[in-house]
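Close look at the chain arrangement
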Amino acid sequence: VGYQGFEDGIFKLKQVMGHDHHAIQHYMIGIISGAVPCQFLTVIHALVDFCYLMQAPIFSDQSLNRLTNALQLFHNNKDTVIPA
């Protein structure tokens, strides 16, 4: 995993490809960590992973398992988002 800089910030991006979009989503995780409860961060991370994995053009048993796990992790912790 490497760091990808966005010279002009993310608000000026016009077209975002899959890897850039995924990098931005994970930067958001880093930005909010420490500012929100741990379970809230777990929910956001699971949702980001689920959204990214859903974009795959084909699915294998392994990718379906990862997708299912991300969705289950989201549902197991989603109730922590509303009070936060």
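Cut-offs and rules
In this convention, every chain numbers its residues from 1, walking through the sequence in written order. Given that this is a predicted model, residues contribute local features only at a pLDDT of at least 70 and side-chain atom pairs are listed and counted only at 80 or more, while totals for whole chains, interfaces and linings are drawn from all residues. To get the side-chain values, take all heavy atoms of the structure and skip hydrogens and water. By definition, any uninterrupted DSSP run of H or I lasting at least four residues is a helix, any uninterrupted run of E lasting at least two residues is a strand, and each is numbered from the N terminus. Accessible area is worked out with a 1.4 Å probe on protein chains only. A residue is then buried under 20% of its type maximum, exposed over 50%, and partly exposed in between. Between two residues, a contact is recorded if the distance between any of their heavy atoms is within 4.5 Å. Using the Shrake-Rupley algorithm and a 1.4 Å probe, accessible areas are obtained, with residue cover drawn only from the displayed protein chains. Here an axis means a line fitted to C-alpha atoms, over the contact stretch when the element is a helix, while the angle between two N-to-C directions is reported on a 0 to 180 degree scale. Here the word oblique covers every angle except those under 35 degrees (roughly parallel), over 145 (roughly antiparallel) and from 65 to 115 (roughly perpendicular). It is the rotation of the near helix from the far one that decides the hand of a crossing: anticlockwise by less than a right angle makes it left-handed, clockwise makes it right-handed. Put simply, Ala, Val, Leu, Ile, Met, Phe, Trp, Tyr, Cys and Pro go in the nonpolar bin, Asp, Glu, Lys and Arg in the charged bin, and everything else, Gly too, in the polar bin. Each patch is built from residues lacking any salt bridge and having more than 30% relative accessible area; the joining distance is 9 Å for like charges and 5 Å for nonpolar side chains (Val, Leu, Ile, Met, Phe, Trp, Tyr). Think of a salt bridge as a Lys or Arg side-chain nitrogen and an Asp or Glu carboxyl oxygen that are within 4 Å of each other. Per residue, pLDDT captures the predictor's confidence, and it can take any value from 0 to 100. By this rule, a helix spans an expected 1.5 Å times one less than how many residues it contains. Grid points spaced at 1 Å over the protein atoms alone were grouped into cavities, where a 1.4 Å probe fits but cannot get out, and pockets, open sets with protein on both sides within 12 Å along at least five of seven lines, with lining residues defined by an atom within 4 Å of a point. Grid points are joined across faces, edges and corners, and a volume is the space filled by probe spheres set on the points.

Things to note about the overall build of the chain
- Counting its secondary structure elements, the chain contains three helices and zero strands.
- Across the chain, helices and strands are ordered from the amino to the carboxyl terminus as α-α-α.
- For the chain, with 84 residues in total, the buried portion stands at 19%.
- A separation threshold of at least 6 residues defines the contact pool for the chain, and within that pool the share at least 24 residues apart is 42%.
- Here the chain has roughly 6,500 Å² of accessible surface; of this, 60% comes from carbon and sulfur atoms.

Overview of the packing of helix H2 (residues 38–53) against helix H3 (residues 61–77)
- At a minimum axis separation of 8 Å, H2 and H3 run at an interaxial angle of 150°. Our classification of the angle between H2 and H3 gives roughly antiparallel. The handedness of the crossing between H2 and H3 comes out as left-handed. From H2, Gln-39, Thr-42, Val-43, Ala-46, Leu-47, Asp-49, Phe-50 and Leu-53 reach across to H3, where they touch Arg-66, Leu-67, Ala-70, Leu-71, Leu-73, Phe-74 and Asn-77.
- Of the residues belonging to the contact of H2 with H3, the class tally is 10 nonpolar, three polar and two charged.

Considerations on the environment of Pro-37
- Mapped onto the fold, Pro-37 is located in the loop between helix H1 (18–32) and H2.
- Considered as a pair, Pro-37 and Thr-80 are 43 residues apart in the sequence and their alpha carbons are 8.5 Å apart.

Quick look at a nonpolar patch on the surface
- Together, Met-54, Phe-59 and Leu-64 make up a nonpolar patch on the protein surface, roughly 260 Å² of accessible area in all.
- For Met-54, a relative accessible area of 39% translates into the label partly exposed.

Focus: the confidence of the model for the chain
- With 76% of its residues at a pLDDT of 70 or more, the chain shows a mean pLDDT of 80.
- The least confident element of the chain, judged by mean pLDDT, is H1 at 74; the most confident is H3 at 96.

Some remarks on H2
- Compared with the 22 Å implied by 1.5 Å per residue over 16 residues, the 22 Å span of H2 between its first and last C-alpha is a close match.
- Within the sequence span of H2, burial applies to Phe-40, Leu-41, Val-43, Ala-46, Val-48 and Leu-53.

Comments concerning the layout of surface pockets
- Taken as a whole, the largest pocket spans an internal volume of roughly 160 Å³.
- Looking at the largest pocket, the residues that line it are His-22, His-26, His-45, Ala-46, Asp-49, Tyr-52, Leu-53, Arg-66, Asn-69, Ala-70 and Leu-73.
- Those elements giving two or more residues to the lining of the largest pocket turn out to be H1, H2 and H3.
- Ranked by residues supplied to the lining of the largest pocket, first place goes to H2 with five residues.
- Its residues assigned to classes, the lining of the largest pocket shows five nonpolar, four polar and two charged.

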